[in-house]
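Next come the chains, spelled out residue by residue.
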Amino acid sequence: MPRLLTLFRAPATGPQPYRALAAILRQALGQAQARPGELLPSLRELSQQCGLHWHTVRAALQELEAEGWVAAEPRRGYRVLSLPGPEGPIDAPLQPCGPGRAWAPARPLPAPAASGPKPPHDFSWGHADLRGFPLPELRACFAASLRRLKPQDLGYGDPRGHAPYLAQLEAYLRRRRGLLGRSLLATQGSQEALHLIAQVLVRPGDSVAVEALSYGGARNAFLAAGARLARVRLDADGLRPDDLERVLKAGRVRLLHLTPLHQYPSTVTLSAARRRQVYALLRRYDVLAIEDDYDHEVHYRGPALAPLAAQDPDGRILYTSSFSKVLLPGLRVGFLALPPAWAPAFTAARRVASFQGDTLVQDALARWMAQDGFERHLRRVRRVSEQRLDSFEALLQDQAQRGRPWSWRRPDGGFALWLDVGADSRPLAARAAALGVGVLEESQFGPTKKPSHLRLGFARLTPQEQARGLELLGRAQA
Ligand SMILES: Cc1ncc(COP(=O)(O)O)c(C=O)c1O
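These figures come from a predicted structure and were not determined experimentally.

Calculation criteria
- Residues numbered from 1 in each chain as written.
- Predicted model: local features only at pLDDT ≥ 70, side-chain atom pairs only at ≥ 80, totals over all residues.
- Heavy atoms only, no water.
- Helix = DSSP H or I, 4+ residues; strand = E, 2+ residues; numbered from the N terminus.
- Buried < 20%, exposed > 50% of the residue type's maximum accessible area, 1.4 Å probe, protein only.
- Contact = heavy atoms within 4.5 Å.
- Areas by Shrake-Rupley, 256 points an atom, 1.4 Å probe, with all protein chains shown as cover.
- Phe/Tyr/Trp six-rings, centres within 6.5 Å; stacked < 30°, edge-to-face > 60°.
- Lys NZ or Arg CZ within 6 Å of the ring centre and 35° of its normal.
- Pairing = 2+ DSSP bridges.
- Axes fitted to C-alpha atoms, helices over the stretch in contact; angles between N-to-C directions.
- Core = buried A, V, L, I, M, F, W, Y, C linked by side-chain atoms within 4.5 Å.
- Parallel < 35°, antiparallel > 145°, perpendicular 65-115°, else oblique.
- Left-handed = near helix turned anticlockwise from the far one by under 90°.
- Nonpolar A, V, L, I, M, F, W, Y, C, P; charged D, E, K, R; others polar.
- Near = heavy atom within 4 Å.
- Polar contact = N/O pair within 3.5 Å; in protein donor to acceptor, adjacent residues only side chain to side chain.
- Salt bridge = Lys/Arg side-chain N within 4 Å of Asp/Glu carboxyl O.

What follows deals with the overall build of the chain. The secondary structure content of the chain amounts to 14 helices and 17 strands. Projected onto the principal axes, the alpha-carbon positions of the chain cover approximately 90 × 55 × 50 Å. Evaluated residue by residue, the chain yields a buried proportion of 49% over its 478 residues. Partitioning the contacts of the chain with sequence separation of at least 6, the portion at a separation of at least 24 is 73%. Entry remark: accessible area of the chain is about 23,300 Å², with carbon and sulfur atoms responsible for 54%.

In structure tokens, the structure reads:
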């Protein structure tokens, strides 16, 4: 089936329109839109495309035939013969894109992360082992979605998300996290949620309070919106309410970003008492907070504390969470659970940014959730990750007994452990990298006087992989 040619100019309607069309066709052939041996579109198709009578199109093609560009084949049409044509040079040839010059970005944007080869022993990822993901189950859900969805179901839809998915998500969050009465918006990972919050709430020059050591993706979203960062100190029990008060007193803080369940990067769980203090301060200084609950499902020490957002009578907590850590990060499934008054502004911001999320992914996930496959998977991830934490701690003990000055606190949940290496973590991380070991190092998370910690993602590695990586890390320390 011959494909239509793209005719970049409409033929002029002069006294001899067939000549104008012949010139345009010559140009299209000269630019190799159709190659020797290919058939041109039929007379009928070309005449529809150009809005000319087919007699006129035939006259133009006969001219091209006379010039040796094309040959007529009975009952098949016109076939391209040779290029370039006998008419000589073609005006305005197509050109590959030039390199362009770098313009200064309009907003401060972080430098892209260096993308070198992946280290063979990589502790820098805090998520589940993707190799254990039950892909056949999700594949069956995608197949069912593609079978059952009508093409019109995949048209432009609700910027908040696909209704069956939002219904499953609402029930899940109500039952498993105690979230009631919130407006949901499905996002492309929680990174998009952070970006939307920054777009909706941060004015250039506003202060956003962040934990002294914090998640770079969140900081970058605020900085890109023109925020200044105010850092709240941490201690061994997480965010310090007294220091939060100091920061809030200083004024102009619009938002606080915090990771209360498993502080990022130090993994500490904020106690119920501190949570109450934080909420009271937010109230006193009339500040909003983003609760970034990025790995809620994986808590080892009893049931996870209810999110701050589950006890938020004022509606001042913007709750975001992600399934990246427990499913597949590439699916990009995160969400916002908002106080209802904020829903219209965020729906509008979502529409501006990307109109809507991925209906097919959300439909397949809704099916998986309805069949209980999703929660079965979460139970398995929790179980396997806890076993991996046990093996990791045993290996750390072994290294410590062999003289490494390492100490740590068993994390209450999550996929990473915060290791005190008893020395400057920066040169250690550099030496580890030279041995093929990837780690995240304390000074990457914020300014710190004596960086001495590594955040080690243990859950995606088997005990054998953990052992090899730790052995090399120990050598990097020695
Ligand atoms: C604290 C925190 N928030 C948000 C995210 C963003 O995750 P995603 O965009 O994949 O949902 C991450 C990912 O590492 C994270 O650690």
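Across all of its chains, the model carries 14 aromatic pairs by this definition. Ring geometry for W368 against F374: centres 6.1 Å apart, planes inclined by 70°, an arrangement best described as edge-to-face. For F374, a relative accessible area of 2% corresponds to the buried category. Between R101 and the ring centre of W103, over which it is positioned, the NZ or CZ distance is 4.1 Å.

Read from one edge of the open sheet, 7 strands run β4-β12-β11-β10-β9-β5-β6, paired in mixed fashion. Two strands in the sheet have a free side with no partner beyond their single neighbour: β4 (183-188) and β6 (228-232). Adjacent strand axes in the sheet meet at a mean angle of 20°, parallel and antiparallel pairs treated alike. Where strand β11 (residues 317-322) and strand β12 (residues 333-338) come together, 4 bridges link them in antiparallel fashion. Paired with Y319 across the bridge in β12 is A337. Helix α5 (residues 163-177) contacts β4, β10 (288-293), β11 and β12 of the sheet and is inclined by roughly 110° relative to β4. In this fold helix α8 (residues 241-249) packs onto β5 (207-211), β6 and β9 (253-258), with an angle of close to 150° to the strand it touches most, β6.

A few words now on the nonpolar core. Ranked by internal contacts, the top residues of the largest apolar core, which has 75 residues, are Y165, L256, F323, L327 and L456. Ignoring sequence-local partners within four residues, the contact set of L456 consists of F123, F392, F415, A416, L417, L419, V439, L470 and L473.

Here we take up the packing of helix α13 (residues 425-434) against helix α14 (residues 463-477). Following both chains from N to C, one finds α13 and α14 inclined at 125°, their axes separated by 9 Å at the closest point. Here α14 runs oblique to α13, going by the angle between their axes. Two packed elements cross with a definite hand, and for α13 against α14 that hand is right-handed. Judged by residue contacts, L428, R431 and A432 of α13 engage L473, A476 and Q477 from α14. Among the residues forming the contact of α13 with α14, the class breakdown is 4 nonpolar, 1 polar and 1 charged.

Turning to the site of the ligand, a few remarks are in order. What surrounds the ligand is the set G189, S190, Q191, Y215, Y264, D292, Y294, S322, S324, K325 and R332. Here an oxygen atom of the ligand and a side-chain polar atom of K325 are 2.5 Å apart. Notes on the ligand: free accessible area 400 Å², of which the protein chains cover 91%. At 3 residues, helix α6 (residues 189-201) tops the list of elements feeding residues into the shell around the ligand. For the shell around the ligand, the residue count by class is 3 nonpolar, 5 polar and 3 charged.

With that out of the way, let us pick up the sheet that holds strand β14 (residues 416-420). Here we have 4 strands laid out as an open sheet, ordered β13-β14-β17-β16, and antiparallel in their pairing. Two strands lie at the open edges of the sheet, namely β13 (407-408) and β16 (440-441), each paired on one side alone. Where β14 and strand β17 (residues 453-457) come together, 5 bridges link them in antiparallel fashion. Of the residues in β17, the one forming a bridge with L417 is L456.

For the coordinates displayed, the defined rule picks out 36 salt bridges. Measuring nitrogen to oxygen at the nearest pair gives 3.1 Å for the salt bridge that ties R233 to D243. A residue pair is termed long-range when its members are at least 10 positions apart, and R233 in the loop between β6 and β7 (234-235) and D243 in helix α8 qualify at 10 residues. Of the charged contacts in the structure, one is a salt bridge between E393 and R410, with a shortest N-O distance of 2.5 Å. Of the two residues, E393 sits in helix α12 (residues 373-401) while R410 sits in the loop between β13 and β14, which places them 17 residues apart along the sequence. Note on E393: relative accessible area 14%, which makes it buried.

This part takes up the pairing of β14. Most of β14 is tucked away: 4 of the 5 residues are buried. Sheet analysis places β13 next to β14, joined by 2 bridges and oriented antiparallel. Its bridge partner being in β14, S407 is matched across the sheet by D420.

Moving on to unusual backbone geometry. Cis geometry is adopted by the peptide bond preceding P265, which originates at Y264 and carries an omega value of 15°. When you line up the elements, P265 lands in the loop between β9 and α9 (272-284). With a phi close to 55°, R332 is a non-glycine residue in the positive phi region. Of note, R332 is situated in the loop between β11 and β12. Positive phi values are uncommon outside glycine, yet F355 reaches one of about 70°. Structurally, F355 is set in the loop between α10 (343-354) and α11 (359-370).

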